[in-house]
Amino acid sequence: MSGHTRRRWLQRQGLLAGVLASGALGSGCSTTATGTGPVGERGARIAVIGGGFAGASCARALKSTRPDLAVTLFEPRRRYTACPLSNLALIGARTLSQQEFGYDDLRRVGVDVVHQAVAGIDPGSHTLSLDDGTAASWDLLVLATGIEIDYGALPGYDETAAARLPHAWLAGAQTRLLARQLRALPENGVVIITVPNNPYRCPPGPYERASLIAHYLKQAKPRAKLLVLDAKDRFSKQGLFQAAWAAHYDGILEWHGQADGATITAVDAARSAVLTEFEAITGDVINVIPPQHAGALARAAGLSDASGWCPIEVPSFRSTRAADVYVIGDAAIANGMPKSAFAANAQARLAALQILRQLDGLEPLDSKLLNTCYSLISPTLGISVADVYQPGARRWEPVAGAGGTSPARATTAVRQAEAVYARRWFEHLTGSVFGAPA
Amino acid sequence: MSRSATLRRAGLLGLLLGGLALTLPAAADSSAEEADSSTEESLEKSVAPSGASAATGETLALPCGGCHGPGSALGHLGELSVAALREALDAYANGTRPGTLMPRLARGYDAAERAAIARALGAPASPGAGTP
C-alpha cells in the first residue's frame, strides 16, 4: 500500500510539483520556505489535510484570524460524520444525520475546501499530490488526518472482515451496519465488543458503547448478553463505569480484561468468532474495535514513527520529523492528551496561533491545554473526565492537583446534568467548527 | 459456555494505577496571594519553561471555546464582566463554588492565570460601571 502510493507519488512529482490545485492557492504567495523561519507575512499558503474536528477547527481559526492567508482544506468527504454521541445512534436513540456536517460554513469564512484525497506529501519540496493527479505547493502544512484502522495488526481482521464484524470506530456506514446487526440480534443472542490496547481514539468510547448497548438489551432483548473483551486491565473512568454496570446492567454486561485472558489475538469472521490465547469465542454480533494508527499517508511522508503515530514538538505542535509541518488531533502523539474531539479542537486553536507566530518570525508561545470527555452510561445519565495539561520538556503533561472524573457518589440529578451537558457541548463544538448541521 | 475460561481468571485485576498521576500537590497554591495587574510577570513563572515565550491570557483561554462561546447553551463568557468571571474561576478553584466540571478544570490554573483568562474572555468594564 505505502509502496504503491509512494511510487505513484514519485511518478507524478516531476510532472506536477508546483502545479496549483486551485486558483486560491496562487494569490500573492511568497517563495516556498525550506526552513522553520518566517515564510512571509502575507499570503502564505497553508495546506490543512483532514476535515475533522482538528483540521476544520485549525483551518477556520487561521482564516478567521488572518484573512490574507490562503488556507486550503483537503477532505475527500463532502459530509463529515462526527463520532461523539454516535454510540446513541447504534441503539436508535439518535439519528446519524444529527452527526453529519458539511463544509459550506468553512467556505463562507474563506477557507478553500477541496474534496480530494491527498495521495502523497513531500515535506522536502513542500508539495502534495491529490488523487486526481494534480499537485499543490504549500508553505506550511497541517496534518490532521485522524486515525486509520490498522488492518493487519489483528490477524483475520481486514476490510472484508469489517463488513461482517464492524468496528464502527469511524462514524458513518460502519455505525449503520452495527446498528442494523444489533436490531437483528436474536432474543437470547450474545454481543461481543473487543477493545484494543492504548493508544486509540476516544479512550472511554468502548465503555460508553458497552453501557448504551447494555441499556438497549435491557429494554429490548432482556435475555441477551454483552461480553466486553479488553486487552487492558485499566481503562478510562473505570470505577464510574463499573459502578454503573453493577447498578444498571448486572446480568447483562460482563467485562473481562487482559488479566482474565481476554486479549484478542485473532478474528475469524467466517465463524463469527474472536480468538484469545485460550479459546475461540463466538457471538451473534461482534464489534471489533481494532488497533489504530495515524495511517498510510503520514507513514509514507515519514511523519509517523515506529509507534504508527506522529511525534510533535511541545508546545508548538510542529512535527519533529519535517520542517514546516504541524500535526494535530488523533494523528499526533500528544502524550497525556487523549485522542478526543475536545482535545483535537483545543490543539487546533493553539496550533493555529503557533502557525501565525511562525509566519511572523516569532518563537512558539507556551500555554496550557485542557480536555473534557463526557460519556453516557445510559441515554440520560452522564459522567465525565477532565484534565489540564502543560508543556513538559518533551511532552504534554497533566497538571497535578487538577482534573479527574465525576465523583463516584453523585445524585441522579448530577448524572442527568452531565448527560445534558454532553449534548450541549456537542452542539456548541460542532456549531463553532462546522456551522449548523448539514 | 464460552465464557468459562475468562471467568476462571476473573478477580486478578491489577491494582496498579494505569491512569494519570494526580497525587502530587499543586505546584503553586495561589489562594493566599491575590494577583494584581502585573500578570505578564506572574505568567512568566507559572507555565513550565520549554524554550518558548510565556503564555498569555489569550492562549490560556483558547480551549475554553470548546464549550463556551456565542450562542452556547453552556454559556458565553463574553457576557460576563472580567471581574465576575475572575470571581467565578477563583471560587471554582478554591472549592467555594460547586460545579460538575469547572472545579476540576479551574484547579489547573493559578490565580494569575485565572485573572489573565478572565481578562481575555470577559466583557470589558463599561465606563463608569464601577468595576476595577
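Just so it is clear, the model here is predicted, and its values are computed rather than measured.

Rules used in this analysis
Residues numbered from 1 in each chain as written. Chains lettered and ligands numbered in written order. Predicted model: local features only at pLDDT ≥ 70, side-chain atom pairs only at ≥ 80, totals over all residues. Heavy atoms only, no water. Helix = DSSP H or I, 4+ residues; strand = E, 2+ residues; numbered from the N terminus. Contact = heavy atoms within 4.5 Å. Areas by Shrake-Rupley, 256 points an atom, 1.4 Å probe, with all protein chains shown as cover. Buried < 20%, exposed > 50% of the residue type's maximum accessible area, 1.4 Å probe, protein only. Core = buried A, V, L, I, M, F, W, Y, C linked by side-chain atoms within 4.5 Å. Axes fitted to C-alpha atoms, helices over the stretch in contact; angles between N-to-C directions. Parallel < 35°, antiparallel > 145°, perpendicular 65-115°, else oblique. Nonpolar A, V, L, I, M, F, W, Y, C, P; charged D, E, K, R; others polar. Pairing = 2+ DSSP bridges. Right-handed = clockwise from strand over helix to strand, strands pointing away. Phe/Tyr/Trp six-rings, centres within 6.5 Å; stacked < 30°, edge-to-face > 60°. Lys NZ or Arg CZ within 6 Å of the ring centre and 35° of its normal. pLDDT = per-residue confidence, 0-100. Left-handed = near helix turned anticlockwise from the far one by under 90°.

Considering the overall build of chain B
Along chain B, the regular secondary structure elements total six helices and zero strands. Sequence-distant contacts, at least 24 apart, represent 62% of the contacts inside chain B between residues at least 6 apart. Summing over all exposed atoms, chain B offers an accessible surface of approximately 7400 Å²; the carbon and sulfur share of this is 59%.

Side note on the overall build of chain A
A count of helices and strands for chain A gives eleven helices and 25 strands. Scored against the burial criterion, the 438 residues of chain A give a buried share of 63%. Sequence separation of at least 24 residues holds for 67% of the intrachain contacts in chain A that already meet a minimum separation of 6. Roughly 15300 Å² of accessible area belongs to chain A as shown, and the carbon and sulfur atoms make up 51% of that amount.

Describing the nonpolar core
Residues and elements named next belong to chain A. Grouped together as the largest cluster of nonpolar side chains are 137 residues, with contacts concentrated most on I46, I121, L128, L143 and L226. Look past the residues within four positions of L143 in its chain and what remains in contact with it is I49, I121, L297, A298, L303, C310, Y326, V327 and I328. In terms of nonpolar packing, the next biggest core, distinct from the first, is built from 17 residues, Y157, L165, V267 and A269 among them.

Here's the deal with the packing of helix α7 (residues 205-220) of chain A against helix α8 (residues 238-248) of chain A
All names here are of chain A. In contact at an axis separation of 11 Å, α7 and α8 are set at 5° when each is read in the N-to-C sense. Between α7 and α8, the crossing angle belongs to the class labelled roughly parallel. Together, Y207, E208, A210, S211 and K218 of α7 and F241, W245 and H248 of α8 make up the contact between the two elements. Grouping the constituent residues of the contact of α7 with α8 by class yields four nonpolar, two polar and two charged.

A few points about the pairing of strand β12 (residues 225-230) of chain A
Residues and elements named next belong to chain A. With respect to burial, β12 is a largely interior element, five of its six residues being buried. Bridging between strand β11 (residues 190-195) and β12 involves six bridges; their strand directions are parallel. In the strand pairing of β12, V190 is matched with K225. Taken together, β11, α7 and β12 constitute a β-α-β crossover, and its handedness is right-handed. The pairing of β12 with strand β13 (residues 253-256) spans four bridges and is parallel. Note on β13: the bridge partner recorded for L227 is E254. What joins β12 to β13 is α8, and the crossover it makes is right-handed.

Description of helix α6 (residues 173-183) of chain A
By the burial criterion, the buried members of α6(A) are A:Q174, A:T175, A:L177, A:L178, A:A179, A:Q181 and A:L182. Tucked inside the fold, the buried residues of α6(A) contact α3 (86-90), α5 (159-162), β11, α7 and β17 (285-288) of chain A.

Describing the packing of aromatic side chains
Residues and elements named next belong to chain A. Applying the stated rule across the entire model yields 15 aromatic pairs over all chains. Between F317 and W396, the aromatic rings sit 5.7 Å apart at their centres with planes inclined by 25°, giving stacked as the arrangement. Placement of F317 in the loop between β19 (310-311) and β20 (325-327) and of W396 in strand β24 (residues 396-398) is noted, with a sequence separation of 79 residues between them. Through a chain of ring-to-ring contacts, three or more aromatic side chains come together here, namely F53, Y80, F101, Y103, F426 and F434. It is K339 that lies over the ring of W309; its NZ or CZ is 3.9 Å from the centre.

Topic: the confidence of the model for chain A
Chain-level statistics for chain A give a pLDDT mean of 91 and a share of 90% at 70 or above. Here residues 1-39 of chain A scores under 50 on pLDDT; set against residues more than four positions off or in separate chains, the count is 82 contacts.

Let's talk about the sheet that holds β12(A)
Residues and elements named next belong to chain A. Spatially, β13-β12-β11-β17 is the arrangement adopted by the four strands of the open sheet, whose pairing is parallel. Edge positions in the sheet fall to β13 and β17, since each has one partner strand and no second. Strand-to-strand twist across the sheet, computed as the mean angle between neighbouring axes with direction ignored, equals 15°. As judged from the four bridges shared by β11 and β17, these two strands associate in the parallel manner. Counterpart to V191 in the pairing with β17 is V285. The strands touched by α7 are β11, β12, β13 and β17; relative to β11, the strand with the most contacts, the crossing angle is about 170°.

Quick notes on the side chain of A:S375
Among the structural elements, A:S375 can be located in strand β22 (residues 369-378). Discounting residues that sit within four places of it in the chain, A:S375 has contacts with A:P204, A:E208, A:K237, A:F241, A:L381, A:G382 and A:I383.

A closer look at the packing of helix α10 (residues 341-359) of chain A against helix α11 (residues 412-434) of chain A
All names here are of chain A. Interaxial distance between α10 and α11 falls to 12 Å at its minimum, and their mutual angle equals 35°. Seen from above, α10 lies across α11 with left-handed handedness. Across the interface between the two elements, A341, F342, N345 and R349 of α10 pack against W425, L429, S432 and V433 of α11. Residue composition of the contact of α10 with α11, grouped by class: five nonpolar, two polar and one charged.

A closer look at the sheet that holds strand β6 (residues 118-122) of chain A
Residue and element names in this part refer to chain A. With antiparallel pairing, the three strands of this open sheet are ordered in space as β6-β7-β8. Either end of the sheet is taken by a strand with one partner, and the two such strands are β6 and β8 (135-137). Shown here is a sheet whose adjacent strand axes are inclined to one another by a mean of 20°, direction ignored.

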